[in-house]
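# Tertiary structure, described
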Amino acid sequence: MQRRAPALGGPPGACDNTRLPGRAPVEDSCRLGVYCGKPLKHLLDQLGTGLPAFLREVGLPAYRARQVRHWLFAGRVSDFATMTDLPAALRESLATEFSLWTTEIAAHRQANDDTEKLLLQLADGNRIECVLIREGERRTCCVSTQVGCAMGCVFCASGLEGVVRNLSTGEILEQLLRLQQLLPQDERLSHIVVMGMGEPLANLDNLLPALEWATSPEGLGISGRRVTISTVGLPAALKRLATEKHPYHLAVSLHAPNDVLRSQLVPVNRSAGLADVVSAADEYFAANGRRLTFEYVLLGNLNDQPEHAKQLVGILRQRTAMVNLIPYNPVAGLPYQTPSGRAVDRFVEILQSAGVEVQVRVRKGDQIDAACGQLRRSLATTEPVTLS
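From a predicted model like this one, the values you see are computed outputs, not experimental measurements.

## Points about the sheet that holds strand 13 (residues 249–253)
With respect to topology, 10 strands assemble into an open sheet ordered 5-6-7-8-11-12-13-14-15-16, the strand pairing being mixed. At either margin of the open sheet sits one strand with a lone partner, and together these are strand 5 (104–110) and strand 16 (357–360). On average, each strand axis in the sheet is inclined to that of its neighbour by 20°, with strand direction left out of account. Sitting on the sheet, helix 9 (residues 274–288) touches strand 13 and strand 14 (292–298), and the angle it makes with strand 14 is about 145°.

## Concerning the side chain of S263
Locating S263 in the fold gives a position in helix 8 (residues 259–265). Looking at S263, its side chain comes within polar contact range of the side chain of N269, at 3.0 Å. Not counting chain neighbours up to four residues away, the residues in contact with S263 comprise N269 and R270.

## Quick look at the confidence of the model for the chain
Looking at the chain as a whole, its pLDDT mean stands at 88, while 84% of the residues score no less than 70. Here residues 1–35 scores under 50 on pLDDT; set against residues more than four positions off or in separate chains, the count is 59 contacts.

## Regarding the packing of aromatic side chains
Considering all chains together, one arrives at 5 aromatic pairs under this definition. Measuring from ring centre to ring centre gives 5.3 Å for F54 and F98, while their planes differ by 85°; the resulting arrangement is edge-to-face. Placement of the pair is F54 in helix 2 (residues 50–57) and F98 in strand 4 (residues 98–99), with a sequence separation of 44 residues. Judged by its relative accessible area of 4%, F54 is buried. Relative to F347, the ring of Y296 lies with its centre 5.2 Å away and its plane at 40°, an arrangement referred to as tilted. Note that Y296 is positioned in strand 14 and F347 in helix 11 (residues 341–353), a separation of 51 residues in sequence. For the pair formed by Y296 and F347, the shared burial category is buried. The rings of F155, Y328 and Y336 are connected pair by pair, giving a single aromatic cluster. Above the face of the W101 ring, R178 is positioned so that its terminal group lies 4.2 Å from the ring centre.

## Brief notes about the environment of P87
Tracing the chain through its elements places P87 in the loop between helix 3 (63–73) and helix 4 (88–97). Placed 23 residues apart in sequence, P87 and R64 show a C-alpha to C-alpha distance of 9.8 Å.

## Description of the environment of Y328
Turning to its location among the elements, Y328 is positioned in the loop between strand 15 (321–327) and helix 11. Y328 gets classed as buried once you look at its relative accessible area, which sits at 3%. Once the C-alpha coordinates of Y328 and L299 are considered, the two residues, 29 residues apart in sequence, prove to be 5.7 Å apart. In this structure, Y328 is in contact with F155, V297, L298, L299, L334, Y336, Q337, T338, P339 and R363, ignoring residues within four places of it in sequence.

## Structural notes on the side chain of E295
Mapped onto the secondary structure, E295 falls in strand 14. Here S230 takes part through its side chain, which lies 2.7 Å from a polar atom of the side chain of E295. If sequence neighbours within four positions are ignored, E295 has contacts with M195, S230, A251, V252, S253, L254, H255, N324, I326 and R361.

## Points about helix 9
Side chains that are three or four residues apart share a direction in an α-helix, a result of its 3.6 residues per turn. In this model helix 9 runs 21 Å from its N-terminal to its C-terminal C-alpha over 15 residues, within 8% of the 21 Å that 1.5 Å per residue would give. Every buried residue of helix 9 is listed here: L274, V277, V278, A280, A281, Y284 and N288. With its buried residues spanning 160° around the axis, helix 9 presents them on a single face. Exposed and facing more than 90 degrees away from the buried side of helix 9 are A275 and A286. Buried residues in helix 9 make contact with helix 7 (235–244), strand 13, helix 8, strand 14 and helix 10 (306–316). G289 lies just past helix 9 and shows a positive phi near 80°.

## Digging into unusual backbone geometry
Even without a glycine there, the phi angle at D114 is positive, about 75°. The residue D114 is located in the loop between strand 5 and strand 6 (116–121) in this model. Given the relative accessible area of 37%, D114 is considered partly exposed. Although it is not a glycine, K245 adopts a positive phi angle of roughly 55°. By secondary structure assignment, the location of K245 is in the loop between helix 7 and strand 13. With a relative accessible area of 58%, K245 lands in the exposed category.

Quick notes on the rules
- Residues numbered from 1 in each chain as written.
- Predicted model: local features only at pLDDT ≥ 70, side-chain atom pairs only at ≥ 80, totals over all residues.
- Heavy atoms only, no water.
- Pairing = 2+ DSSP bridges.
- Helix = DSSP H or I, 4+ residues; strand = E, 2+ residues; numbered from the N terminus.
- Axes fitted to C-alpha atoms, helices over the stretch in contact; angles between N-to-C directions.
- Contact = heavy atoms within 4.5 Å.
- Polar contact = N/O pair within 3.5 Å; in protein donor to acceptor, adjacent residues only side chain to side chain.
- pLDDT = per-residue confidence, 0-100.
- Phe/Tyr/Trp six-rings, centres within 6.5 Å; stacked < 30°, edge-to-face > 60°.
- Buried < 20%, exposed > 50% of the residue type's maximum accessible area, 1.4 Å probe, protein only.
- Lys NZ or Arg CZ within 6 Å of the ring centre and 35° of its normal.
- Expected span 1.5 Å × (residues − 1).
- Arc of directions from axis to C-beta.

Here it is in structure tokens:
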């Protein structure tokens, strides 16, 4: 039996924007992912199969799914009512089954360099971060893949309390749409860096579908070659990426040039050493053909010495790769320091003189705790704000 989309002013349970007995106003309930006591499905988790199946169930044509997706990704709508080329009954029916948003903005910060950061509160009360970075014509979004992180990098704010859970595909996509709403209508997101909270390769099953929608012409339409996945290097997951032949750029976070120091800074290295990580990265390069990036956070007087640079040269000299040096962004409560300018220059000089391509990342958003996990820690008890 086919279900029919309820008409406005329809039977009990149909959303008519009135207050239900003992409940919040319906528009608030829908926004929070609860409708008439029934949890709503997150629409961004249902784009591929759930939404088309729902439309078939209520007897509507498949092209309506394309219209809904167009409104989500290109129309930048904030509710179903704004999808004006859909029948009113369908908009009503969608609102009884799906939630557009499952996050609330707990904090919104903007730095002098126009970097913007959102602290998002999820439906279960956990919090994640995402960042919009403006550089010339580029509009880059940095997204999270987990609540917390299990990799244990000792200098990183994201993993100080461990990992809570993976984000769903919809929760990853929602970060992109939240950041897109910060842009004027004549601007669009151009690049994605998966460098926020969490280890992306530990959540590939949810991340890859999100990136498929982000790069699809029916989604955000961002070129796959403008997507970078950052990882500490999980060899099995790297090999999976190589086998599946994705177009994305890979950035492997080394942070140390030998296993003794890397195991101290990145504890997961104890289960898969540098040789395995670099070998798996080589497999990805062989399958993908895109130059690898190796990220290296410079910690003052810890991994920024000339001998460390020389050891790094030994690993990378024969590889088609670039080193992205990242002067440490201090985290309150941690003992690590930003390296001196002289130490950074010396490190760069050693790499360049050996023929290794290198760049130093420009620090963005210092005033707004833009490094991953910082804002979440500093505003752990802040109440969310509701933005229209």
